[in-house]
Amino acid sequence: MTSPSTLSYTEQIDFAFEYIQKRYPQSPGIGIILGTGLGQLIQHIEIEMEIPYESIPFFPVSTVESHHGKLIFGKLSGKSVVVMKGRFHYYEGYSMKEVTFPVRVMKKLGIGHLFVSNAAGGLNPDYGIGELMIINDHIDLFPENPLRGKNLDAFGVRFPDMSEPYDSSLVKKGMEIAAANGLNVHQGVYAAVQGPNLETKAEYKYLRTIGGDAIGMSTIPEVIVARHMEMTVFAISAITDLCSPGKVRKISLAEVLAGAAKAEPGMSLIIRELVKSL
Ligand code: HPA
């Protein structure tokens, strides 16, 4: 899609929003970003409209093979949602402004609650492959912050609070849903680095030492931007490989996808039940 490139970032957001709004004039209240290998939730959505990323003005286009980029609008557990199937990673070469562009557009669409999933390595030695971790805090190790630069006053304040990025009542409710359904779900701290290489053993040790329970390459930029706009955030990691001392081994994308597939039914259930409760 060719579009005027002289527009400001905010004008680009407006442009993308107007394009979507023309095709889907409703206002979903809930946004969901699905991580690597975690697209199955879509099977539970009564789909009303799909818009491929490449057709939306100024939307970045996903380059990772395991992602098929599109926005999906519809009903999940009876609630209006928009799902991002495929996200933008910093390691793909996008700036943080590009990575978080869709979250800005979501706000314009009326999203107040953001759900985020990802595939992550387990730093906590108690974690197993295919298990879930509800994120209750994070450590941002990206080299760039999505809020860097002139503040977008129309969206939020210059120095947004991060004392509770992940809504504690949703964390609690998520844990209760897990327990009620016999799922072994942890809660913990998600640390994120830019990637794309996986980490060395010494780096895993460091990440554990500074307080990480899981490690990945996504989520935090979107969460920072969502919190800038005061969205309520719930995020959950599928533990796809183990990164604690003695458990580190070579992993492939196929293994990450297999771990995600194992975690996916539980993740899907927790998100569906949480959405229902909103
Ligand atoms: N690091 C280690 N293991 C992982 C990651 C990561 O960023 N993502 C998924 N598994």
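You'll find the structure just up there.
Residues numbered from 1 in each chain as written. Predicted model: local features only at pLDDT ≥ 70, side-chain atom pairs only at ≥ 80, totals over all residues. Heavy atoms only, no water.

Draft legend 1. Region of the structure containing the side chain of E92. Inspection of the secondary structure assignment puts E92 in the loop between β4 (79–85) and α2 (96–99). Of the side chains with opposite charge, R87 lies nearest to the buried E92, which makes no salt bridge, at 8.1 Å. Within the structure, E92 has its side chain in polar contact with the backbone nitrogen of H89 (distance 2.7 Å). (Helix = DSSP H or I, 4+ residues; strand = E, 2+ residues; numbered from the N terminus. Buried < 20%, exposed > 50% of the residue type's maximum accessible area, 1.4 Å probe, protein only. Lys, Arg positive; Asp, Glu negative; His and termini not counted. Salt bridge = Lys/Arg side-chain N within 4 Å of Asp/Glu carboxyl O. Polar contact = N/O pair within 3.5 Å; in protein donor to acceptor, adjacent residues only side chain to side chain.)

Draft legend 2. Seen up close, the side chain of T240. Within the secondary structure, T240 is located in strand β9 (residues 232–242). Within the structure, the side chain of T240 is placed 2.7 Å from the side chain of D241, a separation counted as a polar contact. Ignoring anything within four residues of it in the chain, the contact list for T240 reads A119, A120, I129, E255, V256, G259 and A260. (Contact = heavy atoms within 4.5 Å.)

Draft legend 3. Geometry of the packing of aromatic side chains. If you walk through the whole model with that rule in mind, you get 10 aromatic pairs. Taken together, a centroid distance of 5.2 Å and an interplanar angle of 45 degrees make the contact between Y53 and F88 tilted. With Y53 in the loop between β2 (46–52) and β3 (70–76) and F88 in the loop between β4 and α2, this pair connects stretches of sequence that are 35 residues apart. Its relative accessible area of 1% is what places F88 among the buried residues. We note R23 situated over the ring of Y19; from NZ or CZ to the ring centre the distance is 3.5 Å. The side chain of R104 reaches across the aromatic face of F155, ending 5.0 Å from its centre. (Phe/Tyr/Trp six-rings, centres within 6.5 Å; stacked < 30°, edge-to-face > 60°. Lys NZ or Arg CZ within 6 Å of the ring centre and 35° of its normal.)

Draft legend 4. How the structure looks around the nonpolar core. In this structure, I20, I32, L71, V105, L114 and I270 are the most contacted members of the largest nonpolar core, which totals 80 residues. Ranked by residue count, the leading element in this core is helix α7 (residues 253–277), at 7 residues. Ignoring anything within four residues of it in the chain, the contact list for I270 reads L132, G174, I177, A178, L183, V185, F234 and I236. (Core = buried A, V, L, I, M, F, W, Y, C linked by side-chain atoms within 4.5 Å.)

Draft legend 5. Local environment of the site of the ligand. Near the ligand the following residues occur: A119, A120, G121, L198, E199, Y204, I215, G216, M217, T240 and D241. Within the contact set of the ligand, a nitrogen atom lies 3.3 Å away from a backbone nitrogen or oxygen of G121. Within the side chain of T240, an N or O atom sits 3.3 Å from a nitrogen atom of the ligand. Coverage of the ligand by the protein chains reaches 95% of its 260 Å² of free accessible surface. Where the shell around the ligand is concerned, the elements lending two or more residues are β5 (113–122), β8 (214–216) and β9. Tallying contributions element by element places β5 first for the shell around the ligand, with 3 residues. For the shell around the ligand, the residue count by class is 6 nonpolar, 3 polar and 2 charged. (Near = heavy atom within 4 Å. Areas by Shrake-Rupley, 256 points an atom, 1.4 Å probe, with all protein chains shown as cover. Nonpolar A, V, L, I, M, F, W, Y, C, P; charged D, E, K, R; others polar.)

Draft legend 6. Layout of the pairing of β9. β9 sits mainly inside the fold: 9 of its 11 residues count as buried. The pairing of β5 with β9 spans 10 bridges and is classified as parallel. Following the sheet pairing, G122 is matched in β9 by L242. In terms of strand pairing, strand β6 (residues 132–140) meets β9 through 3 bridges, oriented antiparallel. In the sheet register, M133 faces β9, and the bridge partner there is S237. (Pairing = 2+ DSSP bridges.)

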